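# Tertiary structure, described
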2 protein chains.
Amino acid sequence: MKTTSDQIIHAKWIITCEAKDEVLENHALVIQHQKIIDILPSPDASKQYSATKEEHYDSHAICPGFINTHTHVPMNYFRGLADDLALMNWLQNHIWPAEKKWLGEEFVFDASLFAMAEMIRSGTTSFNDMFFYMPSTAKATEIAGLRGHISMHVISFETKWAKDAEEEFAKAEAFYQEYKNSPLVSITVAAHSMYTVTDDKYLLRLNDIAEKYHLQMNMHVQEPRTEMDILLKRTGRRPLAHLAHLGLLNPRLIAVHMLHADENDLDLLEKHKPNVVHCPESNMKLASGLCPVTELLARGVNVALGTDGAASNNDLDMLGEMRTAAFLAKHSTQNPESLSAYEALQMATLNGAKALNVHHERGSLKKGKLADFIAINMDEIETLPTYHPISHIVYAAGRHQVTDVWVGGKKLLDNRKLTTLDEAELKAKAKAWGDKINQ
Amino acid sequence: MKTTSDQIIHAKWIITCEAKDEVLENHALVIQHQKIIDILPSPDASKQYSATKEEHYDSHAICPGFINTHTHVPMNYFRGLADDLALMNWLQNHIWPAEKKWLGEEFVFDASLFAMAEMIRSGTTSFNDMFFYMPSTAKATEIAGLRGHISMHVISFETKWAKDAEEEFAKAEAFYQEYKNSPLVSITVAAHSMYTVTDDKYLLRLNDIAEKYHLQMNMHVQEPRTEMDILLKRTGRRPLAHLAHLGLLNPRLIAVHMLHADENDLDLLEKHKPNVVHCPESNMKLASGLCPVTELLARGVNVALGTDGAASNNDLDMLGEMRTAAFLAKHSTQNPESLSAYEALQMATLNGAKALNVHHERGSLKKGKLADFIAINMDEIETLPTYHPISHIVYAAGRHQVTDVWVGGKKLLDNRKLTTLDEAELKAKAKAWGDKINQ
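Per chain, the residues get numbers from 1 upward, laid out in the order the sequence is written. Just so you know, chain letters begin at A and ligand numbers begin at 1, following the order they were written in. For this predicted model, a pLDDT threshold of at least 70 governs which residues receive local features, and a threshold of 80 or more governs which side-chain atom pairs are given and counted, while totals over whole chains, interfaces and linings are taken from all residues.

### Quick notes on the overall build of chain A
Cut-off, in case you're wondering: Each helix is a run of H or I in the DSSP string that is no shorter than four residues. Each strand is a run of E no shorter than two, and both are numbered from the N terminus. The globule rule used here is 2.2 Å times the number of residues to the 0.38 power, and the radius of gyration it is set against is calculated over C-alpha atoms. Comment: burial labels come from other C-beta atoms within 10 Å of the residue's own C-beta, placed from the backbone, where a count of 20 or more is buried, 12 or fewer is exposed, and between is partly exposed. C-beta atoms are placed from the backbone for every residue, and two residues are taken to be in contact when these atoms lie within 7 Å.
Helix and strand counts for chain A come out as 16 helices and 16 strands. A compact globule built from 439 residues should have a C-alpha radius of gyration of about 22 Å, and chain A, at 21 Å, falls within 12% of that. Principal axes of the C-alpha set define a box for chain A whose edges measure 70 × 45 × 40 Å. Among the 439 residues that make up chain A, the fraction classed as buried is 60%. The long-range share in chain A, meaning contacts at least 24 apart out of those at least 6 apart in sequence, stands at 72%.

Next comes the structure, spelled out in structure tokens:
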């Protein structure tokens, strides 16, 4: 007598991200109620389970959906607006003025929905966002069907979103109350950085909220070189050391970028175990500096992967980000054994889930976890012959080879077609916004 | 009265690579007898020229076809066979044994033809190859319709291809005689490197051939760190200095990789003006070292771009290579203004043509040059809005967005379909070879 299930999905290769280099050949995922209830050899699956739907991915590798652990999705409309510029010039003279002029509920909603399409089309199933007008991004997330971690974000200077701290915190609280029970939106807190949020009380107030509601806390930490000087001057401590001093350096912290680490920083990270998000393409493109990924992993620090916003990357492509992370780690350590393909894939999946504190239900493929996974077609000129599918995912495949994307067992991408979003409409809106911004 | 032409190709954007950041909007290329005979605004083109064929690329950027200035195309069948290993370990324990076991005319022909498909599908119209069994690669090149620069390659140790120097030179000469008048195949000479070719007379003999036939000369120069020690021990000079001493450092030389440059190396490069080929992805993946691209360009050295072989990259994707080159230059100089998108595109096109000494007829779009160009569709979620098409080509577009590829006005890729090659047959052969190699 067969056990009932919703779906059986057979694949040539299943990469679980549960054990180093593990690739299960000709296995099947059995799905019920949004979760994986079994992973077993394909012939056994068909014998043991009945299913409403059964699919075969005969030339595909299935792996966990990517978790983009740091991004600013509404910036997708600013992609390619300004390139080849220094960080503070880029921020102060291009990005912040563009934001000041264009930001609003409609812009953020449209740009977020547009970014969701790019994420789905490149195999991302969860993302961790830091921006303003959070309810607009949250609304887009629910429509798209992705899992979005969206921050109650404070920056402590006047924006179109909020005129002062009181308004920022009030709006953040309102956002939390509105979305705290959403099946797809999770809430975090975020302070932009130690160099923008200059008031320690402000940070502690944010930390109180994180503690009260058990939320992860995001912050850009040690990104521009000037940040070190600013913090030293203000506090007598480097940014990471000052975070430790304030009691904010702990596994709840998602420290984004984490460049320019000195020996004391490395010791602090090893001791207090915050999560680090590595954004190699943004760091390289803006020449911000280097995150010592290999050293951090060796010290047992959890390092996840993020694309940063599309304005500084210029994409939300986690496949490309894994490749760059592996290249950069090898280059910077002068050791080609640094950051193997498997380690890069783990950063893009399970380590992201750990950073977001959702690894009990996401980030790898195993019984009981959510059915968030993707199929990558290897039957292309660019990925044949296929000796090691993990190598091809990291070093050779393009994002257009992601054919199908499931979140909670529901397909958001079906043989390259978006199921929850209207591609033509998204493109038309992007062009219309682009024309306005260009003028 | 209209002037007759073979084709008029209208495009939303034409990027000529003739002047910095030049983008011609709503212009047309007029083609006759394999050449560009005019570039002018679209409405004028239709008024001034009649054409057998007229096409419209309303959402595309047309730019010169990419020139992959260093690769080993038959290695495509070894892609992903061994990764995350040190260069000499990778070569000595994986690549060279695999070559020893599998190399032969049939392997090289099949693998080359397979690589041609990848190059066409990613917008490469010319490539510069260094391998053995050159006639097999040349034959594949003519079938594919690409422009291949294929080297008379000597390595001075016994291979399956040639047992000794006399056989190497005899086979090289025979190859030259067979292909010297080919419309698509151009011939170069190549010595593998200063650390493998240990006999100076051997290099001088090769140089004599290059001088006699007016050919460019390829060599891997200063790639592994051990190369410096080996040359210092043998000659008392570093590799580049020894090349200068032998009289081989001149604009005929294509110095591939060119890592670990010291001040004297930089002076030699500036003084003697050989061409340098930057292969950033291979250098990063193998952790070989850094080519000082920004410094070389500032000193007036011609720097072209190459993917290296697919076994160390792991692709032949010049779009990805441009992006990595720009990222790496910014990162390594700590200056985000280093290597702009336009400079990266120029390295991938005109600078390659200069290195191969074919810039009078290739590498940019202008009257009188060959009609070698590509169309990239910007009407995708990932490249909208399109503020600056050059930025999107380098920082955002994927190779699957290359829709059409022309060599001498002939389409090799027509709306993503290969016209000279059978995709299904190529994939079947790649799988069959992969199965054999895997055993």
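### Points about the relation of the copies chain A and chain B
This is how it is decided: Alignment of the copies relies on least squares applied to C-alpha atoms, considering only residues that score at least 70 for pLDDT in both.
Placing chain A over chain B gives an RMSD of 0.0 Å and needs a rotation angle of 180°, together with 0.0 Å of translation along the axis. The relationship between the two copies is best expressed as a two-fold rotation axis. A shared interface surface links the copies, since 98% of the contact residues of chain A are contact residues in chain B too.

### Some words on the environment of A:Ile376
Residues and elements named next belong to chain A. In this fold, Ile376 is placed in strand S13 (residues 373-377). Residue classification places Ile376 among the buried residues on the basis of 27 C-beta atoms within 10 Å. Along the chain, Ile376 and Thr294 lie 82 residues apart, while their C-alpha atoms are 27 Å from each other. Setting aside anything within four residues of it in sequence, one finds Ile376 in contact with His60, Ala61, Ile393, Ala397, Gln401 and Val402.

### As for the sheet that holds strand S15 (residues 410-414) of chain B
Residue and element names in this part refer to chain B. Selection criterion: Each pair of strands is called paired provided DSSP finds at least two bridges between the two strands. To get an axis, a line is fitted to the C-alpha atoms, and for a helix only the part in contact is used. The angle between two axes follows their N-to-C directions and goes from 0 to 180 degrees.
With respect to topology, eight strands assemble into an open sheet ordered S3-S2-S1-S4-S13-S14-S15-S16, the strand pairing being mixed. One side of each edge strand has no neighbouring strand; the edge strands of this open sheet are strand S3 (35-41) and strand S16 (417-418). Helix H3 (residues 105-121) contacts strand S14 (402-407), S15 and S16 of the sheet and is inclined by roughly 90° relative to S15.

### Description of the pairing of strand S4 (residues 49-64) of chain A
Residues and elements named next belong to chain A. Pairing between strand S1 (residues 3-15) and S4: ten bridges, direction parallel. Residue pairing for S4: Ile14 is matched across the bridge by Ile62. As defined by bridge partners, S4 adjoins S13 across five bridges and the pair is classed as antiparallel. Note that in S13 the partner of Ala61 across the bridge is Ile376.

### Considering the interface of chain A and chain B
Each partner contributes to the interface: chain A provides 54 residues, whereas chain B provides 53 residues. For the side of chain A that touches chain B, the secondary-structure elements that each account for two or more residues are helix H3 (105-121), helix H10 (280-285), helix H12 (318-333), helix H15 (389-395) and helix H16 (423-438) of chain A.

### Details of helix H5 (residues 165-179) of chain B
Residues and elements named next belong to chain B. This is how the line gets drawn: Any helix carries an expected span of 1.5 Å times its number of residues minus one. Each C-beta atom gives one direction from the helix axis, and the arc is the one those directions make.
Given a rise of 1.5 Å per residue, 15 residues ought to cover 21 Å, and the 21 Å separating the end C-alpha atoms of H5 matches this to within 8%. Listing the buried residues of H5 in full gives Glu168, Ala172, Phe175 and Tyr179. An end-on view of H5 places all buried positions within 60° of arc, on one side of the element. Every exposed residue of H5 that faces more than 90 degrees away from the buried side is listed here: Glu166, Ala170 and Gln177.

### Considering the packing of H3(A) against helix H4 (residues 134-144) of chain A
All names here are of chain A. Rules: If you view the pair so one helix is near and one far, a crossing is left-handed when the near helix is turned anticlockwise from the far one by less than a right angle, and right-handed when it is turned clockwise. Note on residue categories: nonpolar means Ala, Val, Leu, Ile, Met, Phe, Trp, Tyr, Cys or Pro, charged means Asp, Glu, Lys or Arg, and polar means any other residue, Gly included.
At a minimum axis separation of 8 Å, H3 and H4 run at an interaxial angle of 35°. In the packing of H3 onto H4, the handedness of the crossing is right-handed. Taking contact as the criterion, the partners of Glu105, Val108, Phe109, Ser112, Leu113, Met116 and Ile120 in H3 are, on H4, Ser136, Thr137, Lys139, Ala140, Thr141, Ile143 and Ala144. Of the residues assigned to the contact of H3 with H4, the class counts are eight nonpolar, four polar and two charged.

### Digging into the domain arrangement of chain A
Residue and element names in this part refer to chain A. Basically, it comes down to this: Domain start and stop positions are those given by an automatic or database domain assignment.
Under the domain assignment, chain A is made up of domain 1 (3-64 + 369-408) and domain 2 (66-355). Using C-alpha coordinates to define each centre, domain 1 is positioned 30 Å away from domain 2. In this complex, domain 1 contributes 17 residues to the contact, which on the side of domain 2 involves 21 residues. At the level of secondary structure, the elements contributing two or more residues to the side of domain 1 that touches domain 2 comprise S4, H15 and strand S14 (402-407). Here the side of domain 1 that touches domain 2 takes five residues from H15, the largest share from any one element.

### Some thoughts on the sheet that holds strand S10 (residues 253-257) of chain A
Residue and element names in this part refer to chain A. As summarised here, the arrangement of the eight strands in space is S5-S6-S7-S8-S9-S10-S11-S12, forming an open sheet in which the pairing is parallel. The sheet is open, and its two borders are formed by strand S5 (66-71) and strand S12 (303-305), each paired with just one other strand. Adjacent strand axes in the sheet meet at a mean angle of 25°, parallel and antiparallel pairs treated alike. In this sheet, strand S6 (residues 124-129) lies alongside S5 in parallel orientation, the contact comprising four bridges. Of the residues in S6, the one forming a bridge with Asn68 is Phe127. Contacting strand S7 (147-154), strand S8 (185-193) and strand S9 (217-221), helix H6 (residues 200-213) crosses the sheet at an angle of about 165° to S8.

### Some details on the nonpolar core
Condition: For this analysis, nonpolar core means a set of buried Ala, Val, Leu, Ile, Met, Phe, Trp, Tyr and Cys residues linked through C-beta atoms within 7 Å.
Within the largest apolar cluster, 290 residues are counted, with the highest numbers of intra-cluster contacts made by A:Leu345 and B:Leu345. Look past the residues within four positions of B:Leu345 in its chain and what remains in contact with it is B:Cys17, B:Cys63, B:Met322, B:Ile390, B:Ile393 and B:Val394.

### Regarding the environment of B:Tyr395
Structurally, B:Tyr395 is set in helix H15 (residues 389-395). Exposure remark for B:Tyr395: the 27 C-beta atoms within 10 Å place this residue in the buried category. Spatially, the C-alpha atoms of B:Tyr395 and B:Lys271 are 33 Å apart, while their sequence positions differ by 124 residues. Apart from residues lying up to four places away in sequence, B:Tyr395 is in contact with A:Gly80, A:Asp83, A:Asn314, B:Arg323 and B:Ala341.

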